[in-house]
Amino acid sequence: MAGGEERMFGFETASGGDEVFHRERPHLLAVAFRLLGSDADAQDVVQEAWIRYLRADVDGIGNLPAWLTTVVTRLCLDLLRRSREVPQEPTDMPEPADPVDGPEEVALLAGDLSEAIAILLDQLTPPQRVALILHDVFGTPFDEVAHVLGTTPGSAKKLASRARARVRPAGAADADPGAARHVVAAFLKAAQQGDIDGLVEVLHPEVTRTADPQALPPGADLRVRGARTVVDETRALRANARQARVVSINGRPGIAVMADHGPRIALLFRIAAGRIVHYDVVGDPARLARLHITD
């Protein structure tokens, strides 16, 4: 973490208890960013959580990481409710005719945070969005999701089911997995070689890159747009590319940087007309644990 951020969050005088917040901060940012879709809003929410943490009697909190996640999620929920026009209350949403609650569907959503899905997330009610992201993306049990939302585990599960049914169409797999794998392989080869022309060839001019904080250098933007920006960043992270390989992630072509204990970083791609239009860099351990990665 950069020195300025440490001073802003008070870590230069951190006590032993404050180290828990310091350790959890990347995960809290990852959760807030996925819920809000805004780097700036996520930073603001986590800073507010730090202020509330300083005011709390942390000695009386049994599970501080879970408490911090609850605080951040509820702050995000309040922000979503204030800033978004809710189309319908969850109780008014029709039940999906064919619920998509199977493990395969959940796994696909866990690994599919494309721009298309991000747009559809804005059409969900805030509780649906929270239930879907916490459970399907970060693997939070429904009893904990229910605690955050102030509802029952059954209601939390129903919220996620309705949300899943709504966003699943946008997560359909690319039409030609073989062609998609060729594009991903070309991207990795160009990244490993520092080949600017090769990168530009496979990137859509308006490509977007999102990422978990754990996968980026301190202070890097969680969302960037444009081929030139992505090329510059990819060249700067060339050392990581040399350790990466093309893999299958939840049945789709992706890229992984492996460590002894499993994947350290995973890249999930959205490809259209032979070019990468979006990719997501997964570095949060909870998200990585939800991905099925094979060679």
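In what follows, the structure referred to is the one given above.
This section reports on the structure supplied with the text.

The rules behind these values
Residues numbered from 1 in each chain as written. Predicted model: local features only at pLDDT ≥ 70, side-chain atom pairs only at ≥ 80, totals over all residues. Heavy atoms only, no water. Helix = DSSP H or I, 4+ residues; strand = E, 2+ residues; numbered from the N terminus. Expected span 1.5 Å × (residues − 1). Buried < 20%, exposed > 50% of the residue type's maximum accessible area, 1.4 Å probe, protein only. Arc of directions from axis to C-beta. Polar contact = N/O pair within 3.5 Å; in protein donor to acceptor, adjacent residues only side chain to side chain. Core = buried A, V, L, I, M, F, W, Y, C linked by side-chain atoms within 4.5 Å. Contact = heavy atoms within 4.5 Å. Axes fitted to C-alpha atoms, helices over the stretch in contact; angles between N-to-C directions. Parallel < 35°, antiparallel > 145°, perpendicular 65-115°, else oblique. Nonpolar A, V, L, I, M, F, W, Y, C, P; charged D, E, K, R; others polar.

1. Some thoughts on helix H3 (residues 39–55)
- Helix length check: H3 (17 residues) gives 25 Å between terminal C-alpha atoms against 24 Å at 1.5 Å per residue, within 8%.
- The complete set of buried residues in H3 reads Asp39, Ala42, Val45, Val46, Ala49, Trp50 and Tyr53. Looking straight down H3, one finds that the buried residues subtend no more than 145° of arc, so they occupy a single side.
- With a side-chain oxygen positioned 3.5 Å from the backbone nitrogen of Ala40, the residue opening H3 is Ser38.

2. Some words on the nonpolar core
- Membership of the largest hydrophobic core comes to 78 residues, with the highest contact counts inside it found for Phe187, Leu203, Phe269 and Ile276.
- In contact with Phe187, not counting residues within four places along its chain, are Leu199, Val202, Leu203, Thr234, Ile255, Leu267, Phe269, Ile276 and Tyr279.

3. So, the packing of helix H8 (residues 142–149) against helix H9 (residues 153–167)
- Here H8 crosses H9 at 95°, and the two axes come no closer than 8 Å. Classified by the angle their axes make, H8 and H9 are roughly perpendicular. On the side of H8, the interface is formed by Phe142, Asp143, Val145, Ala146 and Leu149, while H9 contributes Pro153, Ala156, Lys157, Leu159, Ala160 and Arg164.
- Its residues placed into classes, the contact of H8 with H9 shows eight nonpolar, no polar and three charged.

4. Notes on the environment of Arg225
- By secondary structure assignment, the location of Arg225 is in strand S2 (residues 223–225).
- Residues Arg225 and Thr210, 15 residues apart in the sequence, show an inter-C-alpha distance of 8.9 Å.
- In this structure the side chain of Arg225 is engaged in a polar contact, spanning 3.5 Å, whose partner is the backbone oxygen of Glu206.

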